Amino acid sequence: MSKTVGVLAVQGDVREHLVALRESGAEAVPVRRPEELERVDGLVLPGGESTTMIRLLRTFDLLAPLRERIADGLPAYGSCAGMILLAEQVLDGQPDQETVGGLDVTVRRNAFGRQVDSFETDLELTGVAGGPVHAVFIRAPWVEASGPEVEVLATVPSGPAAGRVVAVRQGHLLATSFHPEVTGDHRVHAAFVDSLAG
């Protein structure tokens, strides 16, 4: 029986995530209201602009229910701004920057620079079979620090950001700095969907 995976549909690459999840065997649905959040087995928090997303979550009365579901063990995958939303702490954010939380990491917003500094690279990603994953970084964060329960899944292999952490997992939470939904390679989404079966 397929799992129902929501995509937080307040901003970002919602359509692309829905497609990737459906192609990975999930029933994928947009989530804009608390009652939709209650019906999902897992949730994707897409890229976008993290401070705008928090404001929209508050507007749609989703912030408190989302925090509660994540704290209660809802499996979630955050991509780019979604990683920022899941982080417990944010560097280079707004002075009053809020997050959903749950992931014991400190992330740095726009760590790789402005949009013009966006880049692509191939990454070895623990837990994803089939060779390197082509990663697209767009005004992406990186993980500056992580707690003892956080597993590092990938780091930047070379260049000025070599060694920077760009994919992590902690229990039911998965996060990447990059946007796998834009590449057509749905192995990250498939790994998340597969993790819901257990």
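An unreviewed UniProt entry annotates the chain as Pyridoxal 5'-phosphate synthase subunit PdxT of Barrientosiimonas endolithica. Database annotation for the chain, UniProt heading Function (unreviewed entry): "Catalyzes the hydrolysis of glutamine to glutamate and ammonia as part of the biosynthesis of pyridoxal 5'-phosphate. The resulting ammonia molecule is channeled to the active site of PdxS." What UniProt states about the chain under its Pathway (unreviewed entry) heading is, verbatim, "Cofactor biosynthesis; pyridoxal 5'-phosphate biosynthesis."

Turning to unusual backbone geometry, a few remarks are in order. One non-glycine residue, Cys 80, lies in the positive phi region at around 60°. Within the secondary structure layout, Cys 80 lies in the loop between strand S4 (76-79) and helix H5 (81-86). Phi angles above zero are rare outside glycine, and Asn 110 is one such case at about 45°. Mapped onto the secondary structure, Asn 110 falls in the loop between strand S6 (103-108) and strand S7 (119-123).

Once that is clear, we can look at the UniProt feature "active site" (unreviewed entry) in the chain. Following the UniProt record, the feature "active site" (unreviewed entry) maps to Cys 80, His 179 and Glu 181 here. A maximum C-alpha distance of 10.9 Å among these annotated residues, which run over 102 residues, shows that they cluster at one spot. Residue Cys 80 is classed as buried on the basis of its relative accessible area, which comes to 5%. Those residues in contact with Cys 80 that lie beyond four places of it in its chain are Gly 47, Ile 138, Arg 139, Ala 140, Pro 141, Thr 176, Ser 177, Phe 178 and His 179. The exposure class of His 179 is buried, given its relative accessible area of 6%. With near-sequence residues (within four places) excluded, His 179 lies in contact with Asp 13, Gly 47, Ser 79, Cys 80, Val 136 and Ile 138.

Conventions used here
Residues numbered from 1 in each chain as written. Predicted model: local features only at pLDDT ≥ 70, side-chain atom pairs only at ≥ 80, totals over all residues. Heavy atoms only, no water. UniProt positions renumbered as here; feature names shortened; annotations may be inferred. Helix = DSSP H or I, 4+ residues; strand = E, 2+ residues; numbered from the N terminus. Buried < 20%, exposed > 50% of the residue type's maximum accessible area, 1.4 Å probe, protein only. Contact = heavy atoms within 4.5 Å.

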